[in-house]
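This is what each chain is made of:
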Amino acid sequence: MSQDPRNPATLEGVPGSQLPRTLYFGTDTNYYEIAGINIRGHASATPAPAVVVNGTGNRLVGNDISHESTTCVLVGQFAAQRATGTVLDGNAVHSCGGPGHDTRANGIGVSSADGTIIQHGYVYGNPAHGIELYPNADGTSIANNVIDGQGNGMGDGFGIQFAGGTNTSSDNNVVARNIISNNETRNIGANWEGPVGSGNVVRENCVFSSFPNGNYQTDPPVGGATIGYTVEPNNVEGVDPQYQNRSMPPAGFALAVSSPCAGKGPLPAST
């Protein structure tokens with residue numbers, strides 16, 4: 001943890017380094033917590049996420065994570081040694097890749113992992129997917145987050161994407177009580193290369209986009225259908241969440257008193 005929470009320490013990679021990851025949890029690294037620091041990824045000789053989490057029970061709590069070059073966080077790097085019980089709680093994950101670097105970078109990728117929890121955080125301003133479950137993420141809980149403004153001008157901007165590989169799928173994942181807004185192409189969607197996922201559920205979220213095309217307002221798109229996940233009828237769709245100042249994230253994602261999304265998004269900090 002940072003000694004002074006008001007002035008967080010910064011952990012950052014070295015531009016051009018042969019060791020590209022800023023923070024790495026190995027497959028035998030279990031029950032570590034990194035809390036309340038700034039984590040910065042830089043362009044390196046071998047592009048890699050700023051944070052890679054393997055092992056069991058590892059936690060990222062209240063960190064600010066960005067990467068000038070590519071994806072910020074990857075959970076579960078190895079199919080044969082799956083990450084288990086990873087917790088991402090209260091982090092701001094943003095500005096991962098972009099022009100001049102990886103224009104298809106994600107905020108958070110959950111790859112070969114079981115029981116990942118992503119909660120009470122802010123994922124915003126990334127080129128491709130805010131959170132991608134690919135190719136074999138099972139039992140993930142994505143709850144009480146703001147996931148806003150993914151996009152690169154090329155149609156890659158999804159808030160959350162359920163996805164699978166040639167022989168695998170992401171199954172039994174729950175997306176609940178989030179505010180998912182203003183993402184370029186779909187706030188929520190799926191991409192199944194092979195087997196179609198099962199048991200994936202979207203419930204009690206606020207889903208909104210400022211894009212003028214009505215198909216971007218809700219998920220599934222108007223007249224469309226979901227494949228590999230179900231959307232329960234208890235979502236609030238197509239209604240402005242009324243952020244206090246979206247241009248000043250993450251604090252600006254606080255909701256106005258009159259917001260229709262009350263009770264969704266990050267919860268107050270615990271004492």
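Residues numbered from 1 in each chain as written. Predicted model: local features only at pLDDT ≥ 70, side-chain atom pairs only at ≥ 80, totals over all residues. Heavy atoms only, no water.

Q: Would you take a moment to explain the side chain of Asn91 for this structure?
A: Assignment of secondary structure puts Asn91 in the loop between strand S10 (87–89) and strand S11 (92–96). A polar contact is formed between the side chain of Asn91 and the backbone nitrogen of Asn63, at a distance of 2.8 Å. (Helix = DSSP H or I, 4+ residues; strand = E, 2+ residues; numbered from the N terminus. Polar contact = N/O pair within 3.5 Å; in protein donor to acceptor, adjacent residues only side chain to side chain.)

Q: Help me understand the sheet that holds strand S6 (residues 59–61) in this model?
A: Within a sheet, each strand pairs with its neighbour through backbone hydrogen bonds, oriented either parallel or antiparallel. Ordered in space as S3-S6-S10-S13-S16-S19-S22-S24, the eight strands form an open sheet in which the pairing is parallel. Two strands bound the open sheet, and with one partner strand each, they are strand S3 (33–35) and strand S24 (230–231). Sheet topology note: the strand S22 (residues 201–203)/S24 ladder contains two bridges and is parallel. The partner of Val201 across the bridge, within S24, is Thr230. (Pairing = 2+ DSSP bridges.)

Q: So what exactly am I meant to see when it comes to the nonpolar core here?
A: Note on soluble globular proteins: their nonpolar side chains tend to be buried together. Membership of the largest hydrophobic core comes to 35 residues, with the highest contact counts inside it found for Val51, Leu60, Val73, Ile108 and Ile131. Going through the elements one at a time, strand S2 (23–25), strand S5 (51–53), strand S8 (73–75), S11, strand S12 (108–114), strand S15 (129–138), strand S18 (158–164) and strand S21 (186–192) are the ones with two or more residues in this core. Excluding anything up to four places from it in sequence, Val51 contacts Leu23, Phe25, Ile39, Leu60, Ile65, Cys72, Val73 and Leu74. (Core = buried A, V, L, I, M, F, W, Y, C linked by side-chain atoms within 4.5 Å. Buried < 20%, exposed > 50% of the residue type's maximum accessible area, 1.4 Å probe, protein only. Contact = heavy atoms within 4.5 Å.)

Q: I would appreciate a short explanation of the packing of aromatic side chains in the present structure.
A: For any pair of aromatic rings, the description consists of the separation of the ring centres together with the inter-plane angle of the planes. Following the criterion strictly, the structure yields four aromatic pairs and no others. A centroid spacing of 6.1 Å and a plane angle of 10 degrees characterise the contact between Tyr122 and Phe253, whose relative ring orientation is stacked. On the criterion of sequence distance, the pair formed by Tyr122 in strand S14 (residues 122–124) and Phe253 in the segment after strand S25 (236–237) is long-range, its members being 131 residues apart. According to the relative accessible area criterion, Phe253 is buried, its value standing at 4%. (Phe/Tyr/Trp six-rings, centres within 6.5 Å; stacked < 30°, edge-to-face > 60°.)

Q: What should I look at first to understand unusual backbone geometry in this one?
A: Negative phi values dominate among residues other than glycine, just as trans dominates among peptide bonds. Omega for the peptide link from Tyr134 to Pro135 comes to 0 degrees, which places this bond in the cis form. Going from Pro249 to Pro250, the amide bond is cis rather than trans, its omega being -5 degrees. Inspection of the secondary structure assignment puts Pro250 in the segment after S25. For Tyr31, which is not glycine, the phi torsion reads 60 degrees and is therefore positive.

Q: Where do I start with the pattern of salt bridges in this structure?
A: When their charged atoms lie close together, side chains carrying opposite charge are able to pair. In total, this model carries eight salt bridges according to the counting rule given. A salt bridge links Arg6 to Asp4; its shortest N-O distance comes to 3.3 Å. Classification of Arg6 as exposed rests on a relative accessible area of 73%. Relative accessible area serves as the criterion here: at 25%, Asp4 is assigned to the partly exposed category. Between Arg104 and Asp156 there is a salt bridge whose closest N-O contact spans 3.4 Å. Of the two residues, Arg104 is situated in the loop between S11 and S12 and Asp156 in the loop between strand S17 (146–148) and S18; the sequence distance between them amounts to 52 residues. Overall, Arg104 belongs to the exposed group, its relative accessible area being 51%. Take Asp156: its relative accessible area is 18%, and that puts it in the buried class. Several salt bridges converge on common partners, so that one network encompasses Arg82, Asp114 and Asp138. (Salt bridge = Lys/Arg side-chain N within 4 Å of Asp/Glu carboxyl O.)

Don't take any of this as a statement about function, it's just geometry.
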